[in-house]
Amino acid sequence: MSDTPVRQDGTDRLTFVINQLQETAKWLTGIFITIGSAIIAVAQLSGVGNLQFGSNRFWIGVVCGLITFVCLGIILALRHF
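Participant: Please give an account of the overall build of the protein chain that cites residues and values.
Facilitator: Each helix and strand in the protein chain was counted, giving two helices and zero strands. The buried share of the protein chain, taken over its 81 residues, is 0%. For the protein chain, the accessible surface area stands at approximately 7500 Å², while carbon and sulfur atoms represent 69% of it.

Participant: Go over the packing of aromatic side chains with me, naming the residues and quoting the values.
Facilitator: Enumeration according to the criterion identifies three aromatic pairs in this entry. Measuring from ring centre to ring centre gives 5.0 Å for Phe58 and Trp59, while their planes differ by 80°; the resulting arrangement is edge-to-face.

Participant: Describe the pattern of salt bridges, listing the residues and the values that go with them.
Facilitator: In the structure shown here, the tally under the stated rule is one salt bridge. Where Glu23 meets Lys26, a salt bridge forms, and the shortest distance between an N and an O atom there is 3.3 Å. Taken together, the positions of Glu23 and Lys26, both in helix α1 (residues 13-44) and three residues apart, correspond to about one turn of that helix. Owing to a relative accessible area of 38%, Glu23 belongs among the partly exposed residues under this scheme. What makes Lys26 exposed here is its relative accessible area of 55%.

Calculation rules
- Residues numbered from 1 in each chain as written.
- Predicted model: local features only at pLDDT ≥ 70, side-chain atom pairs only at ≥ 80, totals over all residues.
- Heavy atoms only, no water.
- Helix = DSSP H or I, 4+ residues; strand = E, 2+ residues; numbered from the N terminus.
- Buried < 20%, exposed > 50% of the residue type's maximum accessible area, 1.4 Å probe, protein only.
- Areas by Shrake-Rupley, 256 points an atom, 1.4 Å probe, with all protein chains shown as cover.
- Phe/Tyr/Trp six-rings, centres within 6.5 Å; stacked < 30°, edge-to-face > 60°.
- Salt bridge = Lys/Arg side-chain N within 4 Å of Asp/Glu carboxyl O.

See below:
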């Protein structure tokens, strides 16, 4: 027998901790990517006041914003399952 205790699901504690660290690293990577994307987006939107209502650029921005919010809603909804 090893000195490492075995969990109820059959994995030892070290394997469980490594899996938890991997999951945490995935979440942190996603968070940093999101923050970086937000910073880049804000930098790109510095000229938003120059957009004319009804122009192609204006409607592309509106559609992209709506798609972003729909995707975020889907991700948050799926997270609870």
